[in-house]
Structures are given as C-alpha cells and as structure tokens.
Amino acid sequence: MRLLIHRNYEKACAWIGDYITKRIRDFNPQKENPFVIGLPTGSSPLGVYRELIKKHKNGEVSFANVISFNMDEYAGLPPDHPQSYARFMKDNFFGSVDIDPKNTHIPNGLAPDLAKECLAYEEAIRAGGGIELFLGGVGSDGHIAFNEPGSSLASRTRIKTLTPETRRDNARFFGGDESKVPATALTVGVGTVMDAREVVIIACGRNKAPALRAAVEGGVSHWCPLSCLQMHPKAIIVCDEDAAGALRASTVKYFKDIERDAI
C-alpha cells in the first residue's frame with residue numbers, strides 16, 4: 001500500500017487527476033476494450049472531478065471509451081432527486097465530459113427487488129471485464145462506500161443499513177436534517193472494491209486522521225474497512241497533511257522519503 005502525503009486537498013486532487021488521466025491514456029481504451037473505472041460520490045472526490053473535467057476540456061483525456069460503476073446509491077431516492085447519487089454524478093462529472101450515458105452504472109435504489117438489483121450489479125461488473133481502477137473516499141469512521149465498521153471484508157454489493165454516524169455526516173447534504181437521510185443504501189462490498197486491479201483513495205481533513213491512522217498503522221480489521229487495502233497488491237491512499245496528523249512521525253517520514261519523487 002502506498003501513502004502519498006500532500007500539502008493540502010487541492011494538491012491531492014491535482015495529483016489524482018493527473019494519475020487517472022495518465023492511466024486512461026496509457027491504457028488507450030477502445031470501444032471493444034474500454035477502461036472500467038469505479039467512482040465515488042460525496043464531498044471528497046469533487047476536487048478530483050473538477051481536475052478531470054478541466055483535463056477533458058483541455059483535450060488531455062477522453063471518456064468516450066470509459067465505462068463507470070458507482071460505489072453506491074440511496075435506497076428509495078429517484079435518480080432525479082437532488083440528493084441521489086445519480087443526480088450528483090450528472091451534475092458534478094458526467095454532464096461535463098464525453099462519457100456515454102449508456103456506459104455509466106449506478107445501483108437502482110428504486111428497483112422492485114433490491115437484492116436482485118445487487119446481484120445484477122455484481123454481474124454487470126464481471127461482464128464488463130472487472131474494474132481497472134476504483135477511486136474512492138473514506139468516512140471519518142474508516143468506511144469505504146457504505147461499508148460501515150463491522151462490514152465483512154469479503155462482502156459484495158448488497159443492501160446496507162446506515163449507521164447514525166454516517167447519517168449525521170451526510171445530513172449536510174439534506175439541509176442539516178438527519179431525519180431526511182435515507183436509512184438504507186445499496187453499496188458495493190469491500191470484496192467488490194478489492195477485486196479492482198487498482199484502488200486509489202482520497203482522504204483529506206482532520207476528521208479523517210483517526211481512520212487513516214487505523215488503516216495505515218493498525219492491523220487489518222473489519223472495524224476499519226479501509227484497512228483492507230493493506231492486502232491489495234496495488235492500492236494508493238492520497239491524503240493531505242491534516243489527515244496525516246495522527247500518524248507517528250516515523251510513519252510520515254517513511255512514506256515521504258519513499259514517495260518524494262511521486263509528489
């Protein structure tokens with residue numbers, strides 16, 4: 001697992017934007033051999049999406065032969081709801097690049113059979129050849145997607161009851177009213193993320209420091225789902241100085257030394 005510590009959120013997002021652009025260009029995706037990417041929502045990836053949109057408008061990267069699978073969606077929200085993740089992606093990324101809407105996949109929170117929808121989502125990922133790169137964020141409690149502490153590290157796409165902490169964290173998107181945050185969601189599993197050939201996580205801000213410390217310096221545990229990346233052959237956590245604030249000085253020095261040419 002690599003850990004890249006940047007000065008601030010903007011520098012971290014710029015690095016990830018450059019990295020994803022290079023990965024797509026080096027892959028040279030074609031219609032018959034698309035680049036498959038996993039994508040998150042929430043506040044963490046917004047800066048990355050801004051970077052990718054800028055690079056697309058500058059002609060540095062095309063998403064015409066990219067297929068995307070989003071991490072999650074609230075159960076019970078229609079795609080046009082202001083706080084649905086389908087709407088989020090359209091407003092903050094898909095609507096500003098040349099990705100074919102037919103190539104974008106988001107779990108259907110209104111499916112008549114949510115369990116069947118989850119199985120179909122896993123099958124769609126397999127049918128697409130698997131995810132080449134999964135971009136993700138991390139919650140203050142170490143969750144990835146909606147895989148809360150205690151989630152099985154072998155979990156697959158499923159229906160998940162959200163913890164009070166996650167609903168509190170997301171209440172800011174619902175006018176600060178926690179009661180308006182859906183209680184359940186459809187989410188890819190930890191195992192789904194781990195199946196990706198590469199995982200890139202952005203973790204910025206002081207509130208992410210305890211989770212980052214547990215994931216980097218602690219053992220692999222389902223109580224910190226992010227710690228699963230210790231077992232991934234190609235995982236990168238990109239953070240800022242604030243998120244790295246709870247790490248031991250020796251840990252910070254180690255990663256800054258070995259990654260000094262990457263930043």
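All figures in this text were calculated on a predicted structure; none of them were measured in a lab.

### Some points on the overall build of the protein
Check the secondary structure of the protein and you find eight helices and ten strands. What you see for the protein is a C-alpha radius of gyration of 17 Å, in line with the 18 Å of a compact globule of 263 residues. By its C-alpha atoms, the protein is 50 × 45 × 35 Å across when sized along the principal axes. A total of 263 residues make up the protein; the buried ones form 54% of that total. Summed over its atoms, the accessible surface of the protein is roughly 11600 Å², and 51% of this surface lies on carbon and sulfur atoms.

### Digging into the packing of helix H1 (residues 9–27) against helix H2 (residues 46–57)
Where H1 contacts H2, the axes come no closer than 8 Å and their chain directions differ by 50°. Overall, the two elements H1 and H2 adopt an arrangement that is oblique. The chirality of how H1 crosses H2 is right-handed. Only Leu46, Gly47, Val48, Arg50, Glu51, Leu52 and Lys55 of H2 make contact with H1, whose side of the interface consists of Tyr9, Cys13, Ala14, Ile16, Gly17, Asp18, Ile20 and Thr21. Among the residues making up the contact of H1 with H2, the classes are represented as eight nonpolar, three polar and four charged.

### Notes on the packing of H2 against helix H3 (residues 85–92)
Packed helix pairs are characterised by how far apart their axes lie and by the angle those axes make with each other. Two numbers describe how H2 lies on H3: the axes approach to 10 Å, and their chain directions differ by 40°. Put simply, H2 runs oblique to H3. For the pair H2 and H3, contact is made by Leu46, Tyr49 and Ile53 and by Phe88, Met89 and Asn92, respectively. Along the lines of polarity and charge, the residues of the contact of H2 with H3 split into five nonpolar, one polar and no charged.

### Observations concerning the packing of aromatic side chains
Here a ring pair, both rings aromatic, is described through the centre-centre distance and the interplanar angle of the planes. Counted according to the given criterion, the structure contains eleven aromatic pairs. Relative to Tyr85, the ring of Tyr74 has its centre 4.8 Å away and its plane inclined at 35°; by these criteria the two rings are tilted. Of the two residues, Tyr74 is situated in strand E4 (residues 72–74) and Tyr85 in helix H3; the sequence distance between them amounts to eleven residues. Here Tyr85 falls in the buried class, since its relative accessible area comes to 9%. Between Phe93 and Phe94 the ring centres are 5.9 Å apart and the planes differ by 45°, which places this aromatic pair in the tilted class. Comparing Phe93 with Phe94 shows no difference in burial state: the two are buried. Through a chain of ring-to-ring contacts, three or more aromatic side chains come together here, namely Tyr49, Phe63, Phe93 and Phe94.

### A short note on helix H8 (residues 249–258)
Those residues of H8 lying buried are Thr251, Val252 and Phe255. Summarising the axial view, the buried residues of H8 lie within an arc of 95°, below the 170-degree limit, and thus occupy one face. In this structure, H8 carries Ala249, Ser250 and Lys253 as exposed residues pointing more than 90 degrees from its buried face. At its buried positions, H8 is contacted by strand E1 (2–6) and helix H7 (209–217).

### Structural notes on the pattern of salt bridges
Tallying each qualifying case throughout the model produces 17 salt bridges. With its nearest N and O atoms 2.9 Å apart, the salt bridge here joins Lys256 to Glu241. Of this pair, Lys256 sits in helix H8 while Glu241 is found in the loop between strand E10 (235–240) and H8, placing the two residues 15 residues apart along the sequence. A residue is classified by how much of its surface remains accessible, and Lys256, at 34% relative accessible area, is partly exposed. Each of the salt bridges in this network shares a partner with another, and the network as a whole consists of Arg23, Glu132, Arg197, Glu198 and Lys234.

### Remarks on the side chain of Glu148
Residue position: Glu148 is located in the loop between strand E6 (133–136) and strand E7 (158–161). No salt bridge is formed by the buried Glu148; the nearest opposite charge belongs to Lys160, separated by 5.5 Å. Look past the residues within four positions of Glu148 in its chain and what remains in contact with it is Asp141, His143, Lys160, Thr161, Leu162, Thr163, Thr166, His222 and Pro225.

### Things to note about the sheet that holds E10
Spatial ordering of the open sheet is given by E1-E10-E9-E6-E2-E3-E5, a layout of seven strands whose pairing is parallel. A strand with exactly one partner marks an edge of an open sheet, and here the two such strands are E1 and strand E5 (104–105). Bridge count for E6 against strand E9 (residues 199–203) is three bridges, and the pairing is parallel. In the strand pairing of E9, Gly136 is matched with Ile201.

Thresholds applied
- Residues numbered from 1 in each chain as written.
- Predicted model: local features only at pLDDT ≥ 70, side-chain atom pairs only at ≥ 80, totals over all residues.
- Heavy atoms only, no water.
- Helix = DSSP H or I, 4+ residues; strand = E, 2+ residues; numbered from the N terminus.
- Rg over C-alpha atoms; globule rule 2.2 N^0.38 Å.
- Buried < 20%, exposed > 50% of the residue type's maximum accessible area, 1.4 Å probe, protein only.
- Areas by Shrake-Rupley, 256 points an atom, 1.4 Å probe, with all protein chains shown as cover.
- Axes fitted to C-alpha atoms, helices over the stretch in contact; angles between N-to-C directions.
- Parallel < 35°, antiparallel > 145°, perpendicular 65-115°, else oblique.
- Left-handed = near helix turned anticlockwise from the far one by under 90°.
- Contact = heavy atoms within 4.5 Å.
- Nonpolar A, V, L, I, M, F, W, Y, C, P; charged D, E, K, R; others polar.
- Phe/Tyr/Trp six-rings, centres within 6.5 Å; stacked < 30°, edge-to-face > 60°.
- Arc of directions from axis to C-beta.
- Salt bridge = Lys/Arg side-chain N within 4 Å of Asp/Glu carboxyl O.
- Lys, Arg positive; Asp, Glu negative; His and termini not counted.
- Pairing = 2+ DSSP bridges.

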